[in-house]
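So you can see what is in the structure, the chains are spelled out below.
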Amino acid sequence: MRTGSSLLFAWRLLFPRTGKKSNARRSLIGACVCIAISLVPLVMVLTVSDGMIQGITGRIIGLSSSHVKCVLYPFAKEAQDESALRALARTLSAVDGVTAAYPEMQGIGLAAGKRGRMGATVRAVQDDVFKTNPSFAGLFSVSSGEAVLSGKHTAVVGEKLAEQLGLAAGDTFRLITARRLSSGKTVPKITPLTVAAVVSCGYQELDALWVFVPLETGFDILPAQSSEVSVGLSTADAFDFVSLSRVQNGVERVVPQYTRVYRWDELNAAQYENFSSTQIMLLFIMLLIVLVASVNISSALVMLVMERRREIAILKSLGGSAQGIAFSFLVTGLVTGAIGVLAGIPAGLLCAVNFDAIIHAIERLVNGGARFVYLLRGGTLADFAQIHLLDPAFYLQRIPLSVPLGQLIVIGCGTLVLSLAVSAIPAIRAGREKPIDTLRKI
């Protein structure tokens, strides 16, 4: 039996000429639909989780840990003198592979505003960091005011902290820190600051407590012994770990004694591994759904073999080989899986593109039902708390779209291989059909 004949028979199995109703053909259509539907959440999970991981990781690297971070010894000269720290940053910016260096002093304070007090992470940075640092300029969105530290007593406040304290651009709040006197006594220091701008990077878990002040102010109000003084270094590519290691080694030869130099992946190893393991677990669950959907092809082919026993018997009586018959049913299963892939992956990408709109629509429906039930139980609208499917305190407010083309190709090819695998047993059984027994029953 020639290959062309097997392919023609497979075509007739998929698209018969007669208009006779066929339960097997309906099962094949159902198998296509099941595969397509099972691929939609898989593609969505892959695309959305990949975009979310990239978005969160990019913010952690660009706004917090930098590509390479030099943490100074508290009693080093550069950790206690602003001009010495700036000079060290200029020295490090000349190291091969370093594109920019940003000095910073970070400590803890208590911010007091109109609505109360709240702990804050005080970050003393260069006055123009929101313009000169591409990550700060690109990832921070300004809710009010202008993100410029134009004076010693100005501050840029995170959106969540500003909301809790009732602050807006132009408002004044007090920042309470601790200072150690030369006598060894620790006393509180109250510094009035004017809000220059309220900013957010879209990831509240990262920037909820940030208060940015000028570097000069930081050295005045933060104790060097209990604060972290560092220089953040940027490189051409944060994910080129060979170059990062080379930069790390070059920086270690320049920095003062006892200075610790870390790559971003060393500082955030636990969180980055958590992201990756969560994504793998979700993908594994989605792959199990695809596996279950692919089994439908096998059951549909079993029904098709039973319906087409007469045609199989006639073909074998005319010289058709068992291998040729089996090949026809394998092609049928493969084409069924291919149609599901061609329908499921684009549908999944379409849903991923509109993921934010879909989540908001589902939230409206859920909140509408919850509000109705709440009112029936005697509650009031004023006391009703909105339900958030993706809490902005832990997820990105806007999830960027990332299409991993290579992984999508792997998913498509894997589904086709799976379709072939589940088609093997029905195809072999079709090839082993005995024409004499079948023709006797006609």
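Up top is the structure.
Quick look at the structure, then. Since this is a predicted model, take the numbers as computed values, not measurements.

It is worth spelling out the overall build of the chain at this point. Per the secondary structure count, the chain includes 17 helices and 10 strands. On C-alpha atoms alone, the chain measures out to a radius of gyration of 32 Å, which is more than a quarter above the 22 Å that the 2.2 N^0.38 rule sets for 442 residues. Projected onto its principal axes, the C-alpha positions of the chain cover 110 × 65 × 30 Å. When the 442 residues of the chain are sorted by exposure, 44% land in the buried category. In the chain, 79% of the contacts between residues at least 6 apart in sequence involve partners at least 24 apart.

Soluble globular proteins tend to bury their nonpolar side chains together. Counting residues in hydrophobic clusters, the biggest one holds 45 residues, and the most contacted among them are Cys70, Leu92, Met105, Phe173, Val231, Leu233 and Val251. Core analysis: the next-biggest nonpolar cluster, separate from the first, contains 32 residues, Leu13, Leu14, Ile312 and Ile345 among them.

The next subject is a nonpolar patch on the surface. Taken together, the side chains of Met281, Leu282, Phe284, Ile285, Leu288, Ile289 and Leu291 present a nonpolar region at the surface, about 600 Å² in accessible area. For Leu282, the position within the fold is in helix α12 (residues 269-307). Here Leu282 falls in the partly exposed class, since its relative accessible area comes to 32%.

Within the structure shown, the criterion is met by 7 salt bridges. Between Lys69 and Glu228 there is a salt bridge, with its nearest N and O atoms 3.0 Å apart. Of the two residues, Lys69 is situated in strand β1 (residues 68-71) and Glu228 in strand β9 (residues 228-235); the sequence distance between them amounts to 159 residues. For Glu228, a relative accessible area of 30% translates into the label partly exposed.

The rules behind these values
Residues numbered from 1 in each chain as written. Predicted model: local features only at pLDDT ≥ 70, side-chain atom pairs only at ≥ 80, totals over all residues. Heavy atoms only, no water. Helix = DSSP H or I, 4+ residues; strand = E, 2+ residues; numbered from the N terminus. Rg over C-alpha atoms; globule rule 2.2 N^0.38 Å. Buried < 20%, exposed > 50% of the residue type's maximum accessible area, 1.4 Å probe, protein only. Contact = heavy atoms within 4.5 Å. Core = buried A, V, L, I, M, F, W, Y, C linked by side-chain atoms within 4.5 Å. Patch = residues over 30% accessible without salt bridge, like charges linked within 9 Å, V, L, I, M, F, W, Y side chains within 5 Å. Areas by Shrake-Rupley, 256 points an atom, 1.4 Å probe, with all protein chains shown as cover. Salt bridge = Lys/Arg side-chain N within 4 Å of Asp/Glu carboxyl O.

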